[in-house]
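In case you want the letters, here they are:
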Amino acid sequence: MARISLSSVTVDFPIHNASSRSLQLHVFGAIGGALAEHKKAVVIRALDDVTLTLEDGDRVGILGQNGAGKTTLLRVMAGAYPPMRGTIAVDGRVSSLTNINLGMDLEATGLENIVFRCVFMGLTFAEAKQLSPSIQEFSELGEYLRLPVRTYSAGMFLRLAFAISTSIEPEILLMDEMISAGDARFIAKAQGRLTELLRRVKILVLATHDVGIMQSLCNKVIWMHQGKVRKAGTFQETYPIYLAEMHEPRSGG
Amino acid sequence: MQQLFEGARAWRLWYLMGSAEMRRRFARARLGQVWIMLSSALLVSSMGLVWSFLWKQPVGEMLPFIAIGMMVWQLLTSVLNDSALAFPANSHYFLNQYMSASTIIYAVLYRNGVTFLLNMIYPLVLCIVLGNAPNLYTCLTVVGLACLTISCFLMGYVIAILCARFRDIVQILTTFLQVIFFVTPVLWKPEFLPLQAHQLLAWNPFALLIAIVRDPLLGRPVSGFTWISALGLALFTALLALPFIGKFSRRVVYWL
């Protein structure tokens with residue numbers, strides 16, 4: 001059984017500007033000279049006391065404006081950001097499709113990249129080689145796979161990255177916006193494969209601005225606002241309120 | 001400590017990241033890594049010749065001395081300089097999935113280690129041709145290399161963390177290393193110094209790290225004091241570095 005549970009997770013970002021990034025200014029600041037004016041780093045609270053539990057069968061859409069904490073929440077779930085306060089427990093293999101070409105190398109051939117990307121997603125070299133033929137076939141890149149990836153067009157590169165990234169089936173899948181690839185014909189094929197994958201994973205977490213996709217895919221919606229979970233529930237419960245609030249002129253605060 | 005083991009277990013990742021970086025540097029050059037070997041061989045040969053004439057020392061002795069010294073120095077500086085940029089240059093890995101911070105340091109070490117071993121072929125051939133036959137002391141090279149590797153790794157890791165937070169350390173480091181080069185016996189032998197200055201040299205960790213690899217390889221005896229200082233240095237670095245690494249390596253991702 002797959003499960004993600006966050007309890008009172010808080011994440012603060014120190015915002016380092018040019019001067020707090022500088023050791024020299026820190027040193028001068030400490031000496032106390034008027035040379036440098038060193039202010040304490042500004043901190044932005046990206047997640048504020050977020051508590052939630054996701055279980056098998058959950059298809060979660062994350063709703064929210066820019067800067068509401070959607071990506072940070074995904075990164076916490078992926079394990080990239082350790083929470084500064086609170087705890088997170090994740091059961092199940094997590095795959096983060098927030099960057100589908102992570103681990104790929106432009107100088108290497110398509111075939112090599114299939115193995116590289118798979119290994120970055122957690123496979124061993126042997127497992128990756130085993131999976132390779134089906135990826136090659138899906139990508140439809142044929143002989144191009146023997147060429148360095150830097151010679152590919154952007155579309156071809158994306159097609160390869162997509163083919164590899166969707167070939168591994170995790171228990172928990174995290175996505176920041178839907179992924180897609182290729183020309184009109186390939187898009188249809190890609191969508192079919194992605195839909196199939198999304199159906200099979202135990203937990204899906206998807207941050208998206210595409211309301212149609214969220215409505216059709218997600219059985220749960222989390223509305224993030226200024227780092228907090230504003231409301232969680234079904235799409236029907238959440239979205240109308242979100243919409244109303246967004247269009248309403250801001251009052252009070 | 002746990003961070004370090006976790007990173008080591010992710011050997012597939014650092015092997016791939018290290019070799020990708022090597023590919024990036026040499027992909028378009030037909031000779032690839034061989035080109036680098038040739039150019040550093042040329043560099044150390046000309047330096048070795050010039051300096052042996054300048055110091056009026058036998059070429060057969062000075063050339064291998066400078067060749068090995070330069071290669072070790074290059075290893076040290078390239079590990080430290082690469083570490084300085086390790087986190088900012090690889091932020092996309094850390095932001096998208098969980099990866100132990102040490103993974104990237106292993107990648108830096110792996111890549112520079114391979115380059116070093118290839119670069120060492122030429123000095124070793126020089127040694128044999130010029131009659132520095134391997135003897136019993138040569139076996140100690142292994143200990144020296146182990147010491148050097150551990151120190152490089154720890155120093156690199158600390159510098160990587162510091163540079164992720166304070167971006168101007170990168171320039172400070174470059175300047176610092178240039179200065180260190182002149183006070184470290186790479187192009188000259190410690191015994192050229194007057195006795196008082198000789199003692200000061202014991203405080204230069206870079207001199208120590210180079211000596212424990214170079215001297216056994218040349219079949220020169222290394223004093224017990226040097227070994228103790230080198231092991232002490234590694235231990236001391238570890239005592240300082242490990243708590244620092246433990247405290248900050250999970251925070252680094254927030255500075256990217």
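Residues numbered from 1 in each chain as written. Chains lettered and ligands numbered in written order. Predicted model: local features only at pLDDT ≥ 70, side-chain atom pairs only at ≥ 80, totals over all residues.

As for the sheet that holds strand β4 (residues 85–91) of chain A
All names here are of chain A. The three strands lie next to each other as β2-β1-β4, forming an open sheet whose pairing is antiparallel. Two strands in the sheet have a free side with no partner beyond their single neighbour: β2 (42–55) and β4. Averaged over all pairs of adjacent strands, the angle between their axes in this sheet comes to 25 degrees, without regard to strand direction. Here strand β1 (residues 3–15) runs beside β4; their pairing, made up of six bridges, is antiparallel. The residue bridging S7 from the neighbouring strand is T87, located in β4. (Pairing = 2+ DSSP bridges. Helix = DSSP H or I, 4+ residues; strand = E, 2+ residues; numbered from the N terminus. Axes fitted to C-alpha atoms, helices over the stretch in contact; angles between N-to-C directions.)

Here we look at the interface of chain A and chain B
Often the size quoted for an interface is simply the accessible area lost on bringing the parts together. With 25 residues of chain A at the interface, the matching set in chain B holds 22 residues. Those elements that place two or more of their residues in the side of chain A that touches chain B are β1, α1 (23–31), α2 (70–78) and α3 (110–120) of chain A. Broken down by element, the side of chain A that touches chain B gets its largest block of residues, three residues, from α3(A). For the side of chain A that touches chain B, the per-class residue count stands at 13 nonpolar, eight polar and four charged. (Contact = placed C-beta atoms within 7 Å. Nonpolar A, V, L, I, M, F, W, Y, C, P; charged D, E, K, R; others polar.)

A word on the domain arrangement of chain A
All names here are of chain A. Along its sequence, chain A is carved into domain 1 (3–92 + 209–247) and domain 2 (110–201). Spacing between the C-alpha centres of domain 1 and domain 2 amounts to 29 Å. Taken together, the nine residues of domain 1 in the interface contact six residues of domain 2. With four residues, α2 is the single largest residue contributor to the side of domain 1 that touches domain 2. Across the side of domain 1 that touches domain 2, the residue classes tally to six nonpolar, two polar and one charged. (Domains from an automatic or database assignment.)

Some details on the sheet that holds strand β5 (residues 94–96) of chain A
All names here are of chain A. The six strands lie next to each other as β5-β6-β7-β3-β8-β9, forming an open sheet whose pairing is mixed. This sheet does not close on itself; its edge strands, each paired only once, are β5 and β9 (228–233). This sheet shows a mean twist of 15 degrees between the axes of neighbouring strands, independent of strand direction. The pairing of strand β3 (residues 59–63) with strand β8 (residues 220–225) spans four bridges and is parallel. Bridged to V60 within β8 is K220. The strands touched by helix α8 (residues 235–247) within the sheet are β3, β8 and β9, with β8 carrying the most contacts at an inclination of about 30 degrees.

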